[in-house]
Protein chains: 2
Amino acid sequence: MTATPTPRVTIKDVAARAGVSKGAVSLAFNHKPGLSEATRDRIFLAARELGWSPSLTARTLAGSRVDVVGLAVCRPARVLGLEPWYMEFVSGVESVLAEHSSSLLLRLVRNMDEEVGVQEAWWRGRQIGGSILVDFRADDPRVAMTERLGMPVVAVGHPSLTGGLTSVWTDDATAVTEAVRYLAALGHRRIARVGGAADLGHTSIRTAAFDEAAGALALAGAWQVATDFSGDAGARATRSLLTAAPADRPTAIVYDNDIMAVAGLSVAAEMGLRVPEDVSLLAWDDSQLCRLTHPTLSAMSHDVHGFGAEVARTLFSVITGGEGGSHPVPTPVLTPRGSTAPPKV
Amino acid sequence: MTATPTPRVTIKDVAARAGVSKGAVSLAFNHKPGLSEATRDRIFLAARELGWSPSLTARTLAGSRVDVVGLAVCRPARVLGLEPWYMEFVSGVESVLAEHSSSLLLRLVRNMDEEVGVQEAWWRGRQIGGSILVDFRADDPRVAMTERLGMPVVAVGHPSLTGGLTSVWTDDATAVTEAVRYLAALGHRRIARVGGAADLGHTSIRTAAFDEAAGALALAGAWQVATDFSGDAGARATRSLLTAAPADRPTAIVYDNDIMAVAGLSVAAEMGLRVPEDVSLLAWDDSQLCRLTHPTLSAMSHDVHGFGAEVARTLFSVITGGEGGSHPVPTPVLTPRGSTAPPKV
DNA sequence: ACTCTTCACTGGACCGGTTAAGGGAGTGCG
DNA sequence: CGCACTCCCTTAACCGGTCCAGTGAAGAGT
């Protein structure tokens, strides 16, 4: 990339036009004391006339703040495009960033090593003032990385996964338990769960919680399948769960996201099974998608947008030296719709 | 945001450790001639030992390149989260950016004025080396802005909308015509289209093309509805189209995106209409979602990921001073699936 | 032996801001 | 009248790189 032909207007031009020094302009634009109202006005007027705004690059280099927040996402592009969670999360983050006029530096990475590399380069290169870390795994290398770099971050994930990092998290274990209890209360005794990627920390948490809940309720059947979160995988998993003899197959299935639940709905239809009479389906996340199907999908729903906003707020607090700690957000709540009912039998 | 406590290692430290000057380190890291192999190696070794990588901020300020590309998106967050197109597009863009180790600066904006402000601030502040402009409207202010700033951009949209800017676009008019012809060939004489936001340029193009195709084929009925691209709006539009008496209502509906088609499918089911026997549905974009419904959705499909990649490639070419011009990408092709068939009557 | 190149590298100005230290004018007070 | 104290504003040193003119030494040519 090469430079541009545009004649850039700099702080010097503004200073000259306002008849003051660079320093005065800087003071004015940072709302610092030490300038008379009159001068301040002259400076702002000059800046407006020249269409000048301070160069964030120079400002950053001069050692003050960095108004950019990093987010590296490590999931296959194919899955991402369909995963409503991400965009909603990002839009929640953005809503808070915008208030601080800072932006999101986004990068799709293929694996954890690449993410660590990207984060480190961003931080070292002063590209970002802090970062949002998502999709924690067991023994996540980003915990050590963060401590090594001393970079302000917010980790999205349960404290058991995120080490000592400041974290924002939803209580997945409780949510899973609630989902299973709800289905059991409807009378289901054979329940399956189509889970997400097995290497993700929150998947393990949900898997363990499901096992525990199934045990506690002494279910007659409890299945769990790991997928890659894609609709295809959800369809495959559903198909294989439902091909068993009627007496042996689950009467209710919990999905780890919306897309797989939609896919499950379609598989049930294709197999001639009615939802919810023959099989109940319960989605997760509850994007708009759940209200667009027929029947509508019951779901564990939470405010993903608000979650993103909370993450961003927490990050700003960490960046400005506030205290970190662990920030749980409200547990997803069950939103019953048309896809869950007592089993027919 | 305040600075960090970390002792930053700079080019000076590396230079000292390698026993050379700053300039030499700079040469080495930019792979420029003028250094012996031995010195080069010593420098890289020193850098590795100190864990140093050049500060992009300083590098940018010093006037070379800017390795960041901007993208401001101006649609309601609610819609975005569900719109598979965007994430797929972004992931396509990213795939090319990654090769150049540059990143995407993303911002969700509420309106065009805000976008113009953001783009201008980014450019003025040397935050970005170029930008991707999407969702063009008639008389789009970004055309003038770009020319005023002399900023390298790629406009995603038909040349008739993007003025003299370098553009990458799909031939929506031809695609709409093909869609209508296909449905007409199946025997449909009453066809509706549930379009996107009316203020978007590509919506107007599709609307005009639909009118023209309907006229050319002398259809007995042709409806068009504008929406905000959301599933809810798609459902509402579908419901109102299908409430007419059987002899007066459309027997086929074309949607401007996937989500609305999914919503339409569910509305048809809710109204007791069979798809495709009673009404045929045709989606647009063809994300994975179209294969997850029952019946599967026929769609006008194109390679959104590849489209994003092409946009990014074109932007790099513009940034490096290559020639701009107009870059059409392949027209969406019809992918028939289970949701389209000859009308029952 | 002398000049001319070439090669490898250095020194320092510069990018566009921030910031601490400093200076001059005006005012209050003894 | 002199002194201290504000209040405003300027000066200049950074921040961490890039880039270019320049230097010194080795090798080539005559």
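Further up the page is the structure itself.
The structure reproduced in this document is the subject of the present report. This structure is a prediction, so every number in the text was calculated from the model and none was measured.

Rules and cut-offs
Residues numbered from 1 in each chain as written. Chains lettered and ligands numbered in written order. Predicted model: local features only at pLDDT ≥ 70, side-chain atom pairs only at ≥ 80, totals over all residues. Heavy atoms only, no water. Near = heavy atom within 4 Å. Polar contact = N/O pair within 3.5 Å; in protein donor to acceptor, adjacent residues only side chain to side chain. Helix = DSSP H or I, 4+ residues; strand = E, 2+ residues; numbered from the N terminus. Salt bridge = Lys/Arg side-chain N within 4 Å of Asp/Glu carboxyl O. Buried < 20%, exposed > 50% of the residue type's maximum accessible area, 1.4 Å probe, protein only. Contact = heavy atoms within 4.5 Å. Buried area = accessible area lost by both parts, 1.4 Å probe. Nonpolar A, V, L, I, M, F, W, Y, C, P; charged D, E, K, R; others polar. Pairing = 2+ DSSP bridges. 1 Å grid on protein atoms, 1.4 Å probe; cavity = no way out; pocket = protein on both sides within 12 Å on 5 of 7 lines; lining within 4 Å. Points joined across faces, edges and corners; volume = space filled by probe spheres on them. Domains from an automatic or database assignment. Axes fitted to C-alpha atoms, helices over the stretch in contact; angles between N-to-C directions.

### A short note on the protein's contact with DNA strand D
Consideration 1: Near DNA strand D, the surroundings consist of 23 residues, among which S36 and T39 of chain A together with I11, S26 and W52 of chain B are the closest.
Consideration 2: Within the contact set of DNA strand D, a phosphate oxygen lies 2.8 Å away from a side-chain nitrogen or oxygen of K32 of chain B.
Consideration 3: A distance of 2.8 Å is found between a phosphate oxygen of DNA strand D and a side-chain nitrogen or oxygen belonging to R59 of chain B.
Consideration 4: Elements represented by at least two residues in the surface near DNA strand D include exactly α2 (22-29) and α4 (56-61) of chain B.

### Digging into the pattern of salt bridges
All names here are of chain B.
Consideration 1: Enumeration according to the criterion identifies 30 salt bridges over all chains in this entry.
Consideration 2: A salt bridge links R124 to E120, with the shortest nitrogen-to-oxygen separation between them at 2.5 Å. With a gap of four residues between them, R124 and E120 both fall in helix α7 (residues 112-124), about one helical turn apart.
Consideration 3: Residue R124 is classed as partly exposed on the basis of its relative accessible area, which comes to 22%.
Consideration 4: For the salt bridge of R239 with E270, the shortest nitrogen-to-oxygen distance reads 2.9 Å. A residue pair is termed long-range when its members are at least 10 positions apart, and R239 in helix α11 (residues 231-242) and E270 in helix α12 (residues 258-270) qualify at 31 residues.

### Here's the deal with the environment of V176 of chain B
All names here are of chain B.
Consideration 1: Mapped onto the secondary structure, V176 falls in helix α9 (residues 172-186).
Consideration 2: Counting along the chain gives 128 residues from V176 to V304, while the straight-line C-alpha distance between them is 17 Å.
Consideration 3: Ignoring anything within four residues of it in the chain, the contact list for V176 reads R206, A209, F210 and W284.

### As for the interface of chain A and chain B
Consideration 1: Contacts between chain A and chain B engage 71 residues on the former and 70 residues on the latter.
Consideration 2: Carbon and sulfur atoms make up 61% of the surface buried where chain A meets chain B, a total of about 6300 Å² over both sides.
Consideration 3: On inspection of chain A and its partner chain B, the count reaches zero salt bridges.
Consideration 4: Across the chain A-chain B interface, the total number found is 14 residue pairs in polar contact (both at pLDDT 80 or more).
Consideration 5: Ranked by residue count, the leading element in the side of chain A that touches chain B is helix α6 (residues 84-99) of chain A, at eight residues.
Consideration 6: Residues belonging to the side of chain A that touches chain B are distributed by class as follows: 33 nonpolar, 27 polar and eleven charged.
Consideration 7: Sheet topology note: the strand β2 (residues 103-108) of chain A/strand β2 (residues 103-108) of chain B ladder contains three bridges and is antiparallel. Among the inter-strand pairings, L105 of chain A is bridged to a residue of β2 of chain B, identified as L105 of chain B.

### Some thoughts on empty space enclosed by the protein
Consideration 1: All told, the structure shown has five cavities of 30 Å³ or more when counted by the stated rule.
Consideration 2: Put simply, the largest cavity is a space of about 370 Å³.
Consideration 3: What lines the largest cavity is a set of 25 residues, and nearest its centre among them are W85, V156, D172, H202 and R206 of chain B.
Consideration 4: Elements represented by at least two residues in the lining of the largest cavity include exactly α6 (84-99), β5 (167-170) and α10 (201-216) of chain B.
Consideration 5: If you tally residues by element for the lining of the largest cavity, the top one is α10 of chain B, at four residues.
Consideration 6: When grouped by side-chain class, the residues that make up the lining of the largest cavity number eleven nonpolar, seven polar and seven charged.
Consideration 7: A domain-level breakdown of the lining of the largest cavity finds at least three residues from each of domain 2 (68-170 + 304-329) and domain 3 (172-301) of chain B.
Consideration 8: Put simply, the second largest cavity is a space of about 260 Å³.
Consideration 9: Around the second largest cavity, the lining comprises 20 residues; the ones closest to its centre are T57 and Q127 of chain A together with T57, R126 and Q127 of chain B.
Consideration 10: Looking at the lining of the second largest cavity, the elements with two or more residues in it are α4 (56-61) of chain A together with α4 of chain B.
Consideration 11: When grouped by side-chain class, the residues that make up the lining of the second largest cavity number eight nonpolar, six polar and six charged.

### Thoughts on unusual backbone geometry
Consideration 1: In this model, H294 of chain A is joined to P295 of chain A through a cis peptide bond whose omega is 0°.
Consideration 2: As for its position among the elements, P295 of chain A is in the loop between β9 (280-285) and β10 (298-301).
Consideration 3: Within the chain, D285 of chain B stands out as a residue other than glycine whose phi angle is a positive 95°.
Consideration 4: By the element assignment, D285 of chain B lies in strand β9 (residues 280-285).
Consideration 5: In this structure D285 of chain B comes out as buried when scored by relative accessible area, which is 10%.

### Describing the sheet that holds β9 of chain B
All names here are of chain B.
Consideration 1: If you walk across this open sheet you meet the six strands as β7-β6-β8-β9-β10-β12, and the pairing is mixed. Looking at which strands have only one partner, the edges of the open sheet turn out to be β7 (221-226) and β12 (333-335). Taken pair by pair, the neighbouring strands of this sheet meet at an average axis angle of 20°, ignoring direction.
Consideration 2: With three bridges connecting them, strand β8 (residues 252-255) and β9 associate as parallel partners. Bridge pairing in β9 places I253 opposite L281.

Scope: geometric values only; no functional claims are made or implied.
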